[in-house]
Amino acid sequence: MRGVYNKGFKKKRNKYSVHRSSTSMGMESTAALNIVRVVVLLLMLGVVVATVTIGVKSFKNETNLTNSSQYKSETEQNELLLRVVNKSTPLDGNYVPELVEHTDYSVNILAEKPLNNLLRAAGENGINLSVDCAYVSFEEQDKLYKKTYNKYRKSSGLSQVKAQAKTETKVPQAGRSEFQTGLLIRFKTDENKNFKDTTASRWLERNSVDYGFVLRYPEGKTAQTSMSPDFASYRYVGEDNAYVMRSLGKTFNEYSYYIASR
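Residues numbered from 1 in each chain as written. Predicted model: local features only at pLDDT ≥ 70, side-chain atom pairs only at ≥ 80, totals over all residues. Heavy atoms only, no water.

Right, let's get into the sheet that holds strand S3 (residues 130-133). One open sheet accounts for four strands, arranged S3-S4-S6-S5; its pairing is antiparallel. The open sheet has two edge strands with one neighbour each: S3 and strand S5 (213-217). The sheet shows a mean angle of 50° between the axes of neighbouring strands, taken without regard to direction. Pairing geometry for S3 and strand S4 (residues 184-188), over three bridges, is antiparallel. Looking across to S4, one finds that Ser 130 is bridged to Lys 188. (Pairing = 2+ DSSP bridges. Helix = DSSP H or I, 4+ residues; strand = E, 2+ residues; numbered from the N terminus. Axes fitted to C-alpha atoms, helices over the stretch in contact; angles between N-to-C directions.)

Another point: the packing of aromatic side chains. Counting across every chain of the model gives five aromatic pairs. Look at Phe 213 and Tyr 236: their rings are 5.2 Å apart centre to centre, the planes differ by 55°, and that puts the pair in the tilted class. With Phe 213 in strand S5 and Tyr 236 in strand S6 (residues 230-236), this pair connects stretches of sequence that are 23 residues apart. Pair check on accessibility: Phe 213 and Tyr 236 agree, each one buried. One cation-aromatic arrangement involves Lys 151 over Tyr 152; the distance from NZ or CZ to the ring centre is 5.2 Å. Above the ring of Tyr 258, the side-chain terminus of Lys 250 is found at 5.2 Å from the ring centroid. (Phe/Tyr/Trp six-rings, centres within 6.5 Å; stacked < 30°, edge-to-face > 60°. Buried < 20%, exposed > 50% of the residue type's maximum accessible area, 1.4 Å probe, protein only. Lys NZ or Arg CZ within 6 Å of the ring centre and 35° of its normal.)

A general trend in soluble globular proteins is that nonpolar side chains are found buried together. Core analysis: the biggest nonpolar cluster contains 23 residues, and Leu 115, Leu 129, Ile 185, Phe 187, Trp 203, Leu 204 and Phe 213 have the highest contact counts within it. Sorting the residues of this core by element identifies helix H2 (109-124), S4, helix H5 (199-207) and S6 as the ones contributing at least two each. Tallying contributions element by element places H2 first for this core, with five residues. In this view, Leu 129 contacts Leu 118, Leu 119, Ala 122, Phe 187, Lys 188, Phe 195, Ala 200, Trp 203 and Leu 204; residues no more than four positions away in its chain are not counted. Within the second largest apolar cluster, nine residues are counted, among which are Val 84, Val 214, Val 237 and Ala 242. (Core = buried A, V, L, I, M, F, W, Y, C linked by side-chain atoms within 4.5 Å. Contact = heavy atoms within 4.5 Å.)

Right, let's get into helix H7 (residues 239-248). Listing the buried residues of H7 in full gives Asn 241, Ala 242 and Met 245. For H7, the buried positions fall inside an angular range of 100° around the axis, keeping them on one side. Relative to its buried face, H7 has exposed residues pointing more than 90 degrees away, namely Asp 240 and Ser 247. One or two positions beyond H7, positive phi appears at Gly 249, with a value near 70°. (Arc of directions from axis to C-beta.)

The next thing to look at is the pairing of S4. In summary, the side chains of a regular strand alternate between the two faces of the sheet. Judged from the three bridges that link them, S4 and S6 form a sheet pairing that is antiparallel. Within S6, the position partnered with Arg 186 by the bridge is Ser 233.

Turning our eyes to something else, we now look at the side chain of Thr 148. Within the secondary structure layout, Thr 148 lies in helix H3 (residues 138-155). On the basis of relative accessibility, which here comes to 14%, the residue Thr 148 falls in the buried class. When sequence neighbours within four positions are dropped, the list of residues in contact with Thr 148 reads Thr 167 and Val 171.

Now for the confidence of the model for the protein chain. Per-residue pLDDT for the protein chain averages 84, and the proportion of residues at 70 or more is 73%. Note on residues 1-13: pLDDT is under 50 here. Beyond four places in sequence and across chains, it has zero contacts. Between residues 56-71, whose pLDDT stays under 50, and residues either more than four places distant or in other chains, the model counts zero contacts. (pLDDT = per-residue confidence, 0-100.)

The buried category is assigned to Phe 213, whose relative accessible area is 0%. Placed 21 residues apart in sequence, Phe 213 and Tyr 234 show a C-alpha to C-alpha distance of 5.9 Å. Every residue in contact with Phe 213, bar those within four places of it in the chain, is listed here: Ala 111, Pro 114, Leu 115, Leu 118, Ile 185, Ser 208, Tyr 234, Arg 235, Tyr 236 and Ala 242.

With that settled, the discussion passes to the packing of H7 against helix H8 (residues 252-260). Interaxial distance between H7 and H8 falls to 10 Å at its minimum, and their mutual angle equals 105°. Overall, the two elements H7 and H8 adopt an arrangement that is roughly perpendicular. From H7, Asn 241, Val 244, Met 245 and Leu 248 reach across to H8, where they touch Phe 252, Tyr 255 and Tyr 258. (Parallel < 35°, antiparallel > 145°, perpendicular 65-115°, else oblique.)

Let's shift gears to a positive patch on the surface. Where like charges cluster on the molecular surface, the positive patch consists of Lys 147, Lys 151, Lys 166 and Lys 170. Looking at the secondary structure, you find Lys 166 in helix H4 (residues 160-168). Note on Lys 166: relative accessible area 36%, which makes it partly exposed. (Patch = residues over 30% accessible without salt bridge, like charges linked within 9 Å, V, L, I, M, F, W, Y side chains within 5 Å. Areas by Shrake-Rupley, 256 points an atom, 1.4 Å probe, with all protein chains shown as cover. Salt bridge = Lys/Arg side-chain N within 4 Å of Asp/Glu carboxyl O. Lys, Arg positive; Asp, Glu negative; His and termini not counted. Charge placed at Lys NZ, Arg CZ, Asp CG, Glu CD.)

This next bit is on unusual backbone geometry. With phi around 65°, Ser 226 is a residue other than glycine that occupies positive phi space. Looking at where Ser 226 falls in the secondary structure, it is placed in the loop between helix H6 (222-225) and S6. Residue classification places Ser 226 among the partly exposed positions, given a relative accessible area of 48%.

As structure tokens, this is what we get:
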């Protein structure tokens, strides 16, 4: 009996051992499969992270390039808006800005939309206001200068030097006029009085900065501008510059030099 019992027990034990061995192999296979899955997932995650990182870097580079180009464009534009044109800093005879053509005048493309907005706002407020003069070419300015000079020489009997000096306070020589930039606008109104005393002039004085325009040749500032007062001529400088100029109480010449020296 004892031998039989032992024999039976051995058989059972062997069967149990085989079952355990099979189970262990199954578990090991499952564990190996899980490890493979984890490795694959980690590799996929690595690919995703690398792709996202490259994409972010590329986006940042493109954004920086765009911002750099935009900043450069805005800087160059502001330099153009604040360029003083006179005897010391003349324009070349071949200089022609990018213009927008209207029926009675042409204007620098930078000032075209703000000018339209200003004229529309004036009309909505019952102000009679229109453009008398904007862009003037080098050749046209030369004709205007000579015509004015000859008038002073003949009618006033002034010497050549005095006639020239007086003319240049009214009409600059060719290349020395900001009308050649297309950014200087002379306005007119149907009111039958000096422009200084019109409702149009008073409206412009109050509201022009809202559209980026400033009075170019104020009264009492001839020493700075080298020009006689002209209440109808406004220079487009952009809204930001216009507001700062007004707050500082500077003429266009003074403000331009102030910005350049900073």
